[in-house]
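Survey of secondary and tertiary structure
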Amino acid sequence: MNEEQQMLLDSAQRYLRDTYDFNSRRDMANSEQYISTTHWQAFAEMGWLAMPFGEQHGGLGFGMEEVALLSEEFGKHLVLEPMLESTVVAGSVLTYPGVAVESSHIDALVSGEKIYALAHQEPDTTADIDNLSAHAQHVANGLKITGNKAYISAGAVTDYFIVTAKLEGQLALFLVPKDAEGLTVTRYKTYDGRSAANLAFDMELPFSSLMARGDLARSAFMTMRDRAILGASAEALGAMQAALDTTVDYTRQRVQFGKPLSSFQALQHRMANMLIQIELCRSLVGAACRALDAGSEDARRLTLAAKVKVTSTARKVTQEAIQLHGGIATTDEYVVGHYFKRVTALESWVCSREDALVDFIRLTDAA
Amino acid sequence: MTDYAAFRLEVRQFLEASLTPELRRAGKLTTSVFSDFESSMAWQRILHAKGWAAPDWPEEYGGPGWDIHQRYIFQEECKLANAPSIIAMGIQMLGPLLMKYGTEAQKTEIIPRILSGDDVWCQGYSEPGAGSDLASLKTTAERDGDHYRVNGTKIWTSLAQHSNKIFCLVRTNKDVKPQAGISFLLMDIDLPGITIDPIVSLDGQVEQCQVFFEDVEVPVTNLVGDENDGWSVAKSLLEFERGGHNFTIDIKKQLGKVRDQALRIRGRGGRPKLEDPVFRTQLAEAEIEAMALEQTELRIKGSFAAGGNPGALSSLVKAVGTELSQQFNELSVDAVGRAITPYFPEGLDPHFEGETPVPDYATTTMAEYINNRSATIYGGTAEVQRNIIAKQILKL
Ligand SMILES: Cc1cc2nc3c(=O)[nH]c(=O)nc-3n(C[C@H](O)[C@H](O)[C@H](O)COP(=O)(O)OP(=O)(O)OC[C@H]3O[C@@H](n4cnc5c(N)ncnc54)[C@H](O)[C@@H]3O)c2cc1C
């Protein structure tokens, strides 16, 4: 780890340790508010919302490796604020070379003043980009877009949605304000303590809302997807590591049959297996991040591999964490089940495990 | 020879006529072993009027006198028709136990009220310090004339918040080896000195409670079995808890649900998710596991019917049944994808009529996935079942 990365990690660990204990996180998740504006402001001030952007955008010029460092810490603390959605995913599209967007949007994102999120997923579908129902057409003074989006992460707090739709048979990306005429936003909480929204729209937008179409839209989307996958994988890595740490601590203290649970070899092996699998994931995520930052040819294939491996491992590890705790882990008051709920939500965020697997096979066979 | 086809038809017609849309809704919206409480009780009263509330009970106690195949058919038809579940603590657990160990007074007073649903029982075994190692329990009952004075706490007590009665394991002798100093005690839950704290589960709902006892006076006549003989009484109950349940029925229902979900989701190329080869293969593999379980349950039923005792095989079925059921939960999660994310508990209330952000086919998926993690924890953990198999079958 270089000096800059160490500083980033130190400050993240310090901030989260001091301000993001499980109980206040739980109170926030159970409150009527969706996120803490205090935290969000602090994230902006520490530069976290600007991390991956170049200096021309007021950013820190960090790569995926640094994003992953931070995301992993977010995973350990079950951070509720949508850094991945706004900075990593939306930010990746907004700053993609050739995407048409006013720089004031990037300023608003970086300062935390506005929150941006991808609105791609549609009801009753997987997130395949060739399979979109939302569609756009040219009308007198702009474009008319019709369709539905569902389960849009951070949707309840989003100011601008990046909406995917078909325009003349091609993928197109639109920037749509939450209060656009003809847009209905249904907001709700999610099982992982966050928020989401469903969108129904039949709206006329100015030409300027079209950010990209065709090949440009596609490559911006795929680049965004790689980053989303790695951000989410790093977060899941943090969550499963924390789930293992919690389990190890708990089994050391919990006595049954006159002995700590940790002294049962059957349970030791289970925890050893959790560790083995986590380390394998860590290796893949790290390699994929480095490959992406270096622009290596195998970056996407490594990214997809990380997605597949991390998704199944996080599921298994957090299930085991619950099992090895027993009853206590089935309560809202205890942290370990919340790791399980969070990694479950991450499984299908932006890209499902299956889609990653299919794309991995395609890339492998094409090579 | 019983005409099973005719029996199935009779059951089906009865369910058709007696399950109101509200009750079916409650059945459909069930996300754990328990359905909406009021709906369960309403359904039990309807079954009771027909004489079918306790399919496993002998006729002398108000059971229908069905053989093992009829009971299976009944359970299966109820499941298929989306009947709410019947709360197990009274009918499955305490009832059979009292038939075996209860005094005449207990039998005549308590058993009919279990059947009718006039009494709702909860099970007070586990304690904060005594889970898998149940024998280490610390709640004490000290003899004081014709009363016991009970002090301590029970935890994970399912439905204590809805119950008017609780059966407990309590310590009546501290000076012997742990199993030898335990007694089985019945209590009214509104006795002075009892307080109930609800526990919020991971799905945001309350199903379990912690129950506290402070100088609670319980008449000695509420003892079941002999003083200090509660362990063997309870052990036979654990067998009732584990046996009798047909996992295959639940799992077949889950299989049908996953297929339906996977047909409604459009995957790559706009084709149903069910046609996705990755998903289809996984589902087929799980289905094969379910077939193996089904044949095992049939073998056990056969041995029961022939008067045998499946013994530790019930541990095998408990372990496999719960784990396989969890695997189907995962397939459901995989099938519906993002639709698991909305947290909308209002939509799980059978009386709710508004709009929900989740489609019908995914309303219960995440809550079921979360809650069913408990299936390998309650009723003896998956590890404890393997300990039993290792000890009793492998003699290790
Ligand atoms: C949803 C739910 C409903 C419940 N309802 C009731 C109820 O109505 N009434 C009631 O009395 N109780 C109830 N329980 C409690 C349940 O019976 C206990 O949770 C269970 O016995 C496990 O105990 P524990 O939670 O203390 O876990 P622990 O016993 O602390 O076990 C923790 C982990 O260690 C493992 N372990 C323990 N000992 C060993 C060993 N020797 N070898 C290998 N592994 C071991 C366990 O398998 C588990 O994985 C309920 C629990 C749940 C989750």
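The shown structure was predicted, so the numbers you read here are calculated from the model rather than taken from an experiment. (Residues numbered from 1 in each chain as written. Chains lettered and ligands numbered in written order. Predicted model: local features only at pLDDT ≥ 70, side-chain atom pairs only at ≥ 80, totals over all residues. Heavy atoms only, no water.)

This part covers the overall build of chain A. Of the regular secondary structure elements, chain A holds 11 helices and 10 strands. For chain A, the C-alpha radius of gyration of 21 Å lies close to 21 Å, the compact-globule estimate for 367 residues. Each principal axis of the C-alpha atoms in chain A carries an extent, and together these give about 80 × 50 × 45 Å. Scored against the burial criterion, the 367 residues of chain A give a buried share of 62%. Put simply, 74% of the contacts in chain A that link residues at least 6 apart link residues at least 24 apart. When the accessible area of chain A is evaluated, it comes to approximately 14,100 Å², of which 50% is carbon and sulfur surface. (Helix = DSSP H or I, 4+ residues; strand = E, 2+ residues; numbered from the N terminus. Rg over C-alpha atoms; globule rule 2.2 N^0.38 Å. Buried < 20%, exposed > 50% of the residue type's maximum accessible area, 1.4 Å probe, protein only. Contact = heavy atoms within 4.5 Å. Areas by Shrake-Rupley, 256 points an atom, 1.4 Å probe, with all protein chains shown as cover.)

Helix and strand counts for chain B come out as 12 helices and 9 strands. Its C-alpha atoms give chain B a radius of gyration of 22 Å, near enough to 21 Å, the size a compact globule of 396 residues would have. Each of the three principal axes of chain B carries a C-alpha extent, and together these read 75 × 50 × 50 Å. Within chain B, the fraction of its 396 residues that count as buried is 54%. Pairs at least 24 apart in sequence give 73% of the contacts found in chain B among residues at least 6 apart.

With that out of the way, let us pick up the UniProt feature "domain: Acyl-CoA dehydrogenase/oxidase C-terminal" (unreviewed entry) in chain A. Mapped onto this numbering, the UniProt entry gives "domain: Acyl-CoA dehydrogenase/oxidase C-terminal" (unreviewed entry) at residues 231-347 of chain A. Counted over residues 231-347 of chain A, helix gives 79% and strand 3%. Its end C-alpha atoms are 12 Å apart. (UniProt positions renumbered as here; feature names shortened; annotations may be inferred.)

Within the structure shown, the criterion is met by 22 aromatic pairs over all chains. Plain terms: the ring middles of A:Phe340 and B:Tyr369 are 4.9 Å apart, the flat faces sit at 45 degrees to each other, and that makes the pair tilted. With one member in each of two chains, A:Phe340 in helix α10 (residues 336-347) and B:Tyr369 in helix α11 (residues 365-371) form a pair that bridges those chains. For the pair A:Phe340 and B:Tyr369, a shared accessibility class is recorded, and that class is buried. With centroids separated by 6.4 Å and ring planes inclined at 90 degrees, the aromatic side chains of B:Tyr125 and B:Phe184 adopt a geometry described as edge-to-face. Taken as a pair, B:Tyr125 in the loop between β1 (121-124) and β2 (140-144) and B:Phe184 in strand β5 (residues 182-188) lie far apart in primary sequence, 59 residues in all. Accessibility assignment for this pair places B:Tyr125 and B:Phe184 in one class, buried. Here a set of aromatic residues connected by ring pairs shows up, and it is made of B:Phe7, B:Phe14, B:Trp43, B:Trp52, B:Trp66 and B:Phe74. For B:Lys50, the ring lying beneath its charged end belongs to B:Trp52, and the centroid distance is 4.9 Å. (Phe/Tyr/Trp six-rings, centres within 6.5 Å; stacked < 30°, edge-to-face > 60°. Lys NZ or Arg CZ within 6 Å of the ring centre and 35° of its normal.)

Moving on to the environment of B:Val278. As for its position among the elements, B:Val278 is in helix α9 (residues 277-305). The spacing of B:Val278 and B:Lys154 is 124 residues in sequence and 46 Å in space, taken between C-alpha atoms. Among residues more than four places away in sequence, those in contact with B:Val278 are A:Glu354 and A:Leu357.

Further remarks concern helix α7 (residues 214-253) of chain A. In this model α7(A) runs 58 Å from its N-terminal to its C-terminal C-alpha over 40 residues, within 8% of the 58 Å that 1.5 Å per residue would give. For α7(A), the tally of buried residues reaches 29 of 40 residues, placing the bulk of the element in the interior. (Expected span 1.5 Å × (residues − 1).)

Inspection of the secondary structure puts B:Gly204 in the loop between β6 (194-200) and β7 (206-219). Between the C-alpha atoms of B:Gly204 and B:Pro345, which are 141 residues apart in sequence, the distance is 8.0 Å.

This part covers the site of the ligand. Around the ligand there are 26 residues in total, and A:Arg254, A:Gln323, B:Ser132, B:Thr381 and B:Glu383 lie nearest to it. Neighbouring residues of the ligand are distributed over chains A and B. A distance of 2.7 Å separates an oxygen atom of the ligand from a polar atom in the backbone of A:Gly327. At 2.8 Å, a side-chain N or O of B:Ser126 approaches a nitrogen atom of the ligand. For the ligand, the protein covers 92% of the area, taking 970 Å² as the surface of the free molecule. The set of elements that each furnish at least two residues to the shell around the ligand consists of α9 (299-325) of chain A together with β3 (147-158) and α12 (382-393) of chain B. Grouping the constituent residues of the shell around the ligand by class yields 9 nonpolar, 15 polar and 2 charged. (Near = heavy atom within 4 Å. Polar contact = N/O pair within 3.5 Å; in protein donor to acceptor, adjacent residues only side chain to side chain. Nonpolar A, V, L, I, M, F, W, Y, C, P; charged D, E, K, R; others polar.)

In this structure, the second largest pocket encloses a volume near 340 Å³. In terms of lining, the second largest pocket is formed by 18 residues, of which the most central are A:Met222, A:Arg225, A:Asp359, A:Arg362 and B:Arg268. Where the lining of the second largest pocket is concerned, the elements lending two or more residues are α7, α9 and α11 (353-366) of chain A. Split by domain, the lining of the second largest pocket shows at least three residues from each of two domains, domain 2 (116-213) and domain 3 (217-366) of chain A. (1 Å grid on protein atoms, 1.4 Å probe; cavity = no way out; pocket = protein on both sides within 12 Å on 5 of 7 lines; lining within 4 Å. Points joined across faces, edges and corners; volume = space filled by probe spheres on them. Domains from an automatic or database assignment.)

Now for the UniProt feature "domain: Acyl-CoA oxidase/dehydrogenase middle" (unreviewed entry) in chain A. Mapped onto this numbering, the UniProt entry gives "domain: Acyl-CoA oxidase/dehydrogenase middle" (unreviewed entry) at residues 118-201 of chain A. Secondary structure across residues 118-201 of chain A divides into 0% helix and 60% strand, with the first and last C-alpha atoms of the span separated by 15 Å.

Taken residue by residue, the interface counts 49 residues in chain A and 49 residues in chain B. With both sides pooled, the region where chain A packs onto chain B buries about 4,300 Å², and carbon together with sulfur makes up 52% of that total. Summed over the three residues of chain A that lose the most area to chain B, namely A:Tyr151, A:Tyr191 and A:Glu354, the buried surface amounts to 19% of that side. Summed over the shared surface of chain A and chain B, the result is 6 salt bridges. A:Asp355 is the salt-bridge partner of B:Arg268, the closest N and O atoms lying 3.1 Å from each other. (Buried area = accessible area lost by both parts, 1.4 Å probe. Salt bridge = Lys/Arg side-chain N within 4 Å of Asp/Glu carboxyl O.)

Right, let's talk about the domain arrangement of chain A for a bit. Residue and element names in this part refer to chain A. You can read the domains of chain A as domain 1 (3-111), domain 2 (116-213) and domain 3 (217-366). Between domain 2 and domain 3, the C-alpha centre-to-centre distance is 29 Å. Counting residues at the interface gives 17 residues for domain 2 and 13 residues for domain 3. Roughly 1,200 Å² of surface becomes buried between domain 2 and domain 3 when both sides are summed, with 62% attributable to carbon and sulfur atoms. In this structure, the connection of domain 2 to domain 3 is made through 3 salt bridges. The tally of links from domain 2 across to domain 3 stands at 4 residue pairs in polar contact (both at pLDDT 80 or more). For the side of domain 2 that touches domain 3, the secondary structure elements donating two or more residues are β5 (170-177) and β8 (210-213). Looking at which element gives the most residues to the side of domain 2 that touches domain 3, the answer is β5, with 3 residues.

So, on to empty space enclosed by the protein. Residues and elements named next belong to chain A. A full pass over the atoms with the stated rule returns 8 cavities of 30 Å³ or more. A volume near 150 Å³ is recorded for the largest cavity. The wall of the largest cavity is formed by 14 residues, among which Leu118, Gln121, Ser153, Trp349 and Val350 lie closest to the centre. When contributions to the lining of the largest cavity are tallied by element, the ones reaching two or more residues are α5 (83-94), β1 (116-119) and β3 (142-153). When residues of the lining of the largest cavity are assigned to their parent elements, the largest contribution, 3 residues, is made by β3. A breakdown of the residues in the lining of the largest cavity according to their chemical character gives 8 nonpolar, 4 polar and 2 charged.

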